[in-house]
Amino acid sequence: MHRRAGPGGAPPLSETFQMLSFILRRLVIAIPTIILISVFVFTLQKLLPGDPVLAMAGEERDPQVLEFLREKYRLNDPIPVQYFTWIGNALTGDLGISLRTNQPVLELIGEKLPVTIQLATMAMIFALLIGVPAGIFSAVKKGTVTDYVANVVALSGLSIPNFWLGIMLILLVSVKWKLLPASGYVPLSEDPIRSITVMIMPAFVLGTALAATLMRHTRSAMLSVLSSDYVRTARAKGLVERKVILKHAFRNALTPIVTLTALLFGELIAGAVLTEQIFTIPGFGKLVVDAVFNRDYAVVQGIVLVTAVGFIFMNLLADVAYVLLNPRLRKQ
């Protein structure tokens, strides 16, 4: 018996409720995870050597100034009180004030996060355009010279350090051939063409390693699906090979690829530090490095908390995506 669709061909209400229930269960799981991360981050930050107040006070270090700063930023309170004050303010959107710039942490993150998101998005596009087709082609041509070459290229992409590849590209593409800018950043809202041009090289550097990872996982998923009964049945019916590969095999191999893509995107936002430093991109990476060196506790805590929440959100998106691809998972 076929399920009755809703008005206008929409999915039935039972499927909608199943999806909402699935998302709610994932959110319930995410809440204690975020709490544990916040405790972990706050505790580790307090264990770091050095005193941020001494760094703020400069060379004079007047005792009255030091005491004033500690009272202002509530550093004299017991650590549990400091934690609950911080997490309570964070729930209202207040991540504190930078000890160094006296600027709201949320404002600093709002300035730097779009830069890293743009870089991560372009890197992910490179990775998907290179890695997924290469993985499909390698699986279809398993055991051939093409397959071996693709695996060697993927291994090279995983082995070459990002910083070395970035420096080599700057020397060749920017210094020698003068094709692309060597460094810097232009906001998309200011000059879209220039912004994309400046970001091509760093995005390619980040995207090559991800493309290699995606290629290996796509190849494994495709090999598993290509040996399944329904693919053999589709071929026995005389369907065109391209249709068998793309419609039957690739569609069923998408679940691990979607999950991996979401996880890799989260890693990009959190871990593009070296690439941003090499190409002088004022993103999350530079903000993290500066905050750590300056013992800017509020900024470090805010960045890690936002990154953790973003990573969990990407996991939630991955869960929703592969449940849409495989509705049987909604009841799990």
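Residues numbered from 1 in each chain as written. Predicted model: local features only at pLDDT ≥ 70, side-chain atom pairs only at ≥ 80, totals over all residues. Heavy atoms only, no water.

J.: Help me understand the overall build of the protein chain in this model?
T.: Scanning the protein chain from terminus to terminus reveals 14 helices and zero strands. Looking at the protein chain residue by residue over its 332 residues, the buried ones come to 39%. Once local pairs closer than 6 in sequence are excluded, the contacts in the protein chain between residues at least 24 apart make up 71%. Carbon and sulfur atoms form 67% of the exposed surface of the protein chain, whose accessible area is close to 18,900 Å². Where the 30 positive side-chain charges of the protein chain centre and where its 21 negative ones centre are 20 Å apart. (Helix = DSSP H or I, 4+ residues; strand = E, 2+ residues; numbered from the N terminus. Buried < 20%, exposed > 50% of the residue type's maximum accessible area, 1.4 Å probe, protein only. Contact = heavy atoms within 4.5 Å. Areas by Shrake-Rupley, 256 points an atom, 1.4 Å probe, with all protein chains shown as cover. Lys, Arg positive; Asp, Glu negative; His and termini not counted. Charge placed at Lys NZ, Arg CZ, Asp CG, Glu CD.)

J.: In this structure, what is going on with the packing of helix α5 (residues 105-140) against helix α13 (residues 284-293)? I would like to understand it.
T.: Each pair of packed helices gets described by two things: the angle between the helix axes and the distance between those axes. Where α5 contacts α13, the two axes come as close as 8 Å, and the packing angle between them is 135 degrees. Considering their axes alone, α5 and α13 lie oblique with respect to each other. Seen from α5, the contacting residues are L108, I109, K112, L113 and T116; seen from α13, they are F284, G285 and L287. The residue makeup of the contact of α5 with α13, split by class, is five nonpolar, two polar and one charged. (Axes fitted to C-alpha atoms, helices over the stretch in contact; angles between N-to-C directions. Parallel < 35°, antiparallel > 145°, perpendicular 65-115°, else oblique. Nonpolar A, V, L, I, M, F, W, Y, C, P; charged D, E, K, R; others polar.)

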